[in-house]
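# Coordinate inspection notes
Spelled out from the first residue to the last, the chains are:
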Amino acid sequence: MFEKFVLGKIDIENNILQQLIESIPEEETISKKIILTSDLSDFTKNYLMFDYSEKEGFEELSSKISRSNKLYFNYTIRPRWTLQTFLFNNFESRPPNDILKKINLFTFYSFYTEAIKGFIADNSQIFITKNEVTSIIDHTNKAIYEKLISGISNAKIKNFFLQIFILKYDSESNFNLESTVPYSFVKIFLDDKSFSDLEKKFSSVKGITGETELSLKDIIKILTDKYHLQEMIPHISKTDATKDSPAKLAPLNDMKKETEPIREKLKEDDIIISGVKEIDLKKDEVKKKSTDYPGLNENDVVTENIKQQDVPEKTHSARLVNTDKKIKEPVSVQNEETIIPKEDDKLKGLFSEKQLEKILSKVYRSDLIYREKSFDNLRAYKTWSEASAHLKDLFKVNNVDLYNKDVVTFVNILNDYYKNKE
C-alpha cells in the first residue's frame, strides 16, 4: 500500500521534471528560479534547494525527487521516527549546525522543529544527542495529547490529522468530512506518538483493517465516542480511495493485501521505502554493516514504533543506548576490542586500547601529557555540562574534526558516563 502510494507521487513529480527539462534549451540547466516557479510540491522544492547544484541533470534530480517524496511520506505519518533517523542517521549525536541545516527541510509539525531549535539555542553544546532530541519530541507529544483530549472537538481532530489528509489530497481545500485515508496511516501516526489509548478506540471497532478507508467523519465519531460498536462504518469495505480525490492521486487504486512487505533503506540524506518484492531479512541480519532494514509489513512498522521507536542500527562511530533502562555503571563500548581493566580509573576504563590511541591522535595531537591533564579535568567534573564546556574549548584549540567517527564515539561515551552520574 505505502509503496504504491509513494511511487504514484514520485511519478507525478518526475513528469513535471521531464516537462521542465523539455522546456529549456538543450545547452542550459535547470536553474533555481525554474525549480521554485514550477509545479513541484513545496516540500520537493525545499529538498532540491537543500543541496542544489547547477550541474545536475534529469537522473540526479529525479533521484532527489524520489528521496524527497519518501522523506515527506515518512515524516507525515511518523514524524518522531523520521526525525530520529534523518537527523542522526547511524550516529548517536551530531553537531548543532548539522541538525539545524537538516531540520529546516521540514516546514510543518513546527511544534517539533521549533522545540529542537529552541533547545539548541539555549544550550551551547558541541554535540546534540539523539536521546536529547527524542526527549524533546516525547515532551511535545505529551503536550499535544493533553491539548487534544482536553475538550476534544471536531476542529481539534481535523487539525490533528490535517497533514495525513493533505498527504493524499494535496491541500486542505481538497477534502471534507467524507474524504478518506487508509486506517494504516492513522494507526502508524498514533503509534509513533505512543497514543495507545486513542489507537485502541479504532481497534475496538469490528472489521477495521489496515486497508480500511476511514472518512474524517468516521474518525471524529470514533475519537469523540459517538460511534456505536455494533454499527458498521460505511467505509469498512474496500473502496476506490480516489473517488473524491484529485485525478492525479490514482496510486491508491487497486491496493495490495495488508501484509504486503515493505523494505526500508536509510542513507545519510534520505529515508527510502523500496523494493516490496525483495526477500525479508531476519531481524538479527540488521546488525550487519549494511544499512538495509528488515522487510516490514504494515503491522511490523507499527510494532517497531511501539516497542523500539528506532529501527535497529549498527554504527561504526556511535553506540546505541537503551533509553528505557537506567544504567547504573559507566557504559563500556561493546565490541571485540579488549577493554582496559582499570578498577581505579572508571573514565579511562570506558575505552579500549585502540580507542585511546585514536583519541590521543585525533583529539590531543598525540600529546600524552596533554591527554592525561585533560582526563584529570574530566574526572573532576560532576556533570555533562561541565565536561562539554571543557571539550568545546579543547576541540576549538586543537581544531578537532567534529564529524570524525572516532571523535563522535569519544563524545558519545563521555556523554553517557556523565548522564549516568547525574
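Quantities reported herein were computed from a predicted structural model and do not represent experimental measurements. Throughout this document, residue positions are counted from 1 along each chain, in the order its sequence is written. Reporting of local features is limited, given that this is a predicted model, to residues whose pLDDT is at least 70; pairs of side-chain atoms are given and counted only at 80 or more, and all residues count toward the totals for whole chains, interfaces and linings. Side-chain figures throughout are based on the complete set of non-hydrogen atoms in the structure, without hydrogens or water.

### Focus: the packing of helix α3 (residues 42-50) against helix α4 (residues 58-77)
The description of two helices packed together rests on the angle between their axes and the distance between the axes. Helix axes use the C-alpha atoms of the stretch in contact, all axes being lines fitted to C-alpha atoms, and the angles between their N-to-C directions lie in the range 0 to 180 degrees. Secondary structure is summarised from DSSP: a helix means a run of H or I of at least four residues, a strand means a run of E of at least two, and numbering begins at the N terminus for each. At their nearest, the axes of α3 and α4 sit 9 Å apart, and the two run at 125° to each other. Relative to α4, α3 is oriented oblique. Classified by chirality, the crossing of α4 by α3 is right-handed. Along the contact surface, α3 presents Phe-43, Thr-44, Tyr-47 and Leu-48, while α4 presents Leu-61, Lys-64, Ile-65, Arg-67, Ser-68, Asn-69, Leu-71 and Tyr-72. For this classification, Asp, Glu, Lys and Arg are treated as charged, while Ala, Val, Leu, Ile, Met, Phe, Trp, Tyr, Cys and Pro are nonpolar and the rest, including Gly, are polar. A per-class count over the contact of α3 with α4 returns seven nonpolar, three polar and two charged. Orientation labels follow simple angle bins: below 35 degrees gives roughly parallel, above 145 gives roughly antiparallel, 65 to 115 gives roughly perpendicular, and whatever is left gives oblique. Note on convention: the crossing is left-handed when the near helix lies turned anticlockwise from the far helix by less than a right angle, right-handed when the turn is clockwise. By definition in these notes, contact holds between two residues if any of their heavy atoms fall within 4.5 Å.

### Concerning the packing of aromatic side chains
Ring geometry is summarised as follows: Phe, Tyr and Trp rings, the Trp one being its six-membered ring, pair when their centres sit within 6.5 Å, and such pairs are stacked at plane angles under 30 degrees, edge-to-face over 60 and tilted between the two. Evaluation of the coordinates by the stated rule reveals 31 aromatic pairs. Plain terms: the ring middles of Phe-5 and Phe-185 are 5.5 Å apart, the flat faces sit at 85° to each other, and that makes the pair edge-to-face. With Phe-5 in helix α1 (residues 2-23) and Phe-185 in helix α11 (residues 183-192), the pair connects residues that are 180 residues apart, well separated along the chain. For the pair shown, Phe-5 and Phe-185 are each scored as buried. Geometrically, the ring pair formed by Phe-375 and Phe-410 is stacked, given 6.5 Å between the ring centres and 15° between the ring planes. Note that Phe-375 is positioned in helix α16 (residues 368-380) and Phe-410 in helix α18 (residues 405-421), a separation of 35 residues in sequence. For the exposure calls, accessible area comes from a 1.4 Å probe over protein chains only, and a residue counts as buried if that area is under 20% of its type's maximum, exposed if over 50%, partly exposed in between. Exposure remark for Phe-410: the relative accessible area of 1% places this residue in the buried category. Geometrically, a lysine NZ or arginine CZ counts as sitting over a ring once it is within 6 Å of the ring centre and also within 35 degrees of the ring normal. One residue, Lys-193, lies across the ring of Tyr-109, its end atom 5.7 Å from the ring centre. A cation over an aromatic ring shows up here: Lys-193 above the ring of Phe-189, its NZ or CZ 3.6 Å from the ring centre.

### Remarks on the environment of Gln-19
With respect to the secondary-structure elements, Gln-19 resides in helix α1. Judged by its relative accessible area of 53%, Gln-19 is exposed.

### Some thoughts on helix α15 (residues 353-362)
Of the positions making up α15, those classed as buried are Gln-355, Leu-356, Ile-359 and Leu-360. For α15, the arc enclosing every buried residue in end-on projection is 140°, short of the 170-degree limit, so these residues lie on one face. The inward-facing, buried residues of α15 abut α16 and α18. Along the arc lie the directions from the helix axis toward the C-beta atoms.

### Here we look at α1
With 22 residues, α1 should cover 32 Å at 1.5 Å per step; its first-to-last C-alpha distance of 32 Å lies within 8% of that length. Buried residues of α1: Phe-2, Glu-3, Phe-5, Val-6, Gly-8, Lys-9, Ile-10, Glu-13, Asn-14, Ile-16, Leu-17 and Leu-20, and no others. Given a helix with a known number of residues, its expected span is that number minus one, times 1.5 Å.

### Re the side chain of Ser-179
Turning to its location among the elements, Ser-179 is positioned in the loop between α10 (162-169) and β3 (180-182). What makes Ser-179 buried here is its relative accessible area of 1%. Whenever two N or O atoms come within 3.5 Å, that pair is a polar contact, provided that in protein one can donate a hydrogen and the other can accept it, and provided that, for residues adjacent in sequence, both atoms are side-chain atoms. Reaching out from Ser-179, the side chain makes a polar contact with the backbone nitrogen of Asn-176 at a distance of 2.9 Å.

### Notes on the nonpolar core
Think of a nonpolar core as a cluster: buried Ala, Val, Leu, Ile, Met, Phe, Trp, Tyr and Cys residues, connected wherever their side-chain atoms sit within 4.5 Å. Residues Leu-87, Ile-116, Phe-161, Phe-185, Phe-202 and Ile-219 are the most contacted members of the largest nonpolar core, which totals 61 residues. Beyond its immediate stretch of four places on either side in the chain, Phe-202 contacts Tyr-183, Val-186, Leu-190, Ile-208, Leu-214, Ile-219, Ile-222 and Leu-223. Membership of the second largest hydrophobic core comes to 27 residues, among which are Leu-360, Leu-378, Val-407 and Tyr-418.

### Here we look at the packing of α1 against α4
One way to put it is that α1 packs onto α4 with a least axis distance of 9 Å and a crossing angle of 145°. Judged by the sense of rotation from one axis to the other, the crossing of α1 with α4 is right-handed. Counting all contacts with α1, which are made through Phe-2, Phe-5, Val-6, Lys-9, Ile-10, Glu-13, Asn-14, Leu-17, Gln-18 and Ile-21, the residues of α4 involved are Phe-58, Leu-61, Ser-62, Ile-65, Ser-66, Asn-69, Lys-70 and Phe-73. Among the residues making up the contact of α1 with α4, the classes are represented as ten nonpolar, five polar and three charged.

### Here we look at the side chain of Lys-193
Considering the arrangement of structural elements, one finds Lys-193 in the loop between α11 and α12 (196-203). As a buried residue without a salt bridge, Lys-193 has its nearest oppositely charged side chain in Asp-192, at a separation of 4.8 Å. Leave out the neighbours within four places in its chain, and Lys-193 touches Pro-79, Tyr-112, Asn-141 and Phe-160. Note that His is not counted, nor are the chain ends; the positive residues are Lys and Arg, and the negative ones are Asp and Glu. Each reported salt bridge corresponds to a side-chain nitrogen of Lys or Arg within 4 Å of a carboxyl oxygen of Asp or Glu.

### Thoughts on the environment of Ile-219
Within the secondary structure layout, Ile-219 lies in helix α13 (residues 216-223). On the basis of relative accessible area, Ile-219 is assigned to the buried category, the value being 0%. Remark: the alpha-carbon pair of Ile-219 and Leu-177, spanning 42 residues in sequence, is separated by 9.4 Å. Sequence-distant contacts of Ile-219, that is, excluding residues within four places in its chain, are made with Ile-157, Phe-161, Phe-165, Val-181, Val-186, Phe-202 and Leu-214.

### Notes on unusual backbone geometry
Positioned with a positive phi, Asn-89 is a non-glycine residue whose angle comes to about 50°. Its location among the elements puts Asn-89 in the loop between α5 (79-88) and β1 (93-94). Classification of Asn-89 as buried rests on a relative accessible area of 6%. At Asp-225, a residue that is not glycine, the phi angle is positive and equals roughly 60°. Here Asp-225 shows up in the loop between α13 and β5 (263-267).

### A few points about the confidence of the model for the chain
Averaged over all residues, the pLDDT of the chain equals 75, while 72% of them reach at least 70. The predictor rates its confidence in each residue with pLDDT, a number between 0 and 100. Across residues 235-344 the pLDDT falls below 50, and counting only partners more than four positions away or on other chains, this stretch makes 244 contacts in the model.

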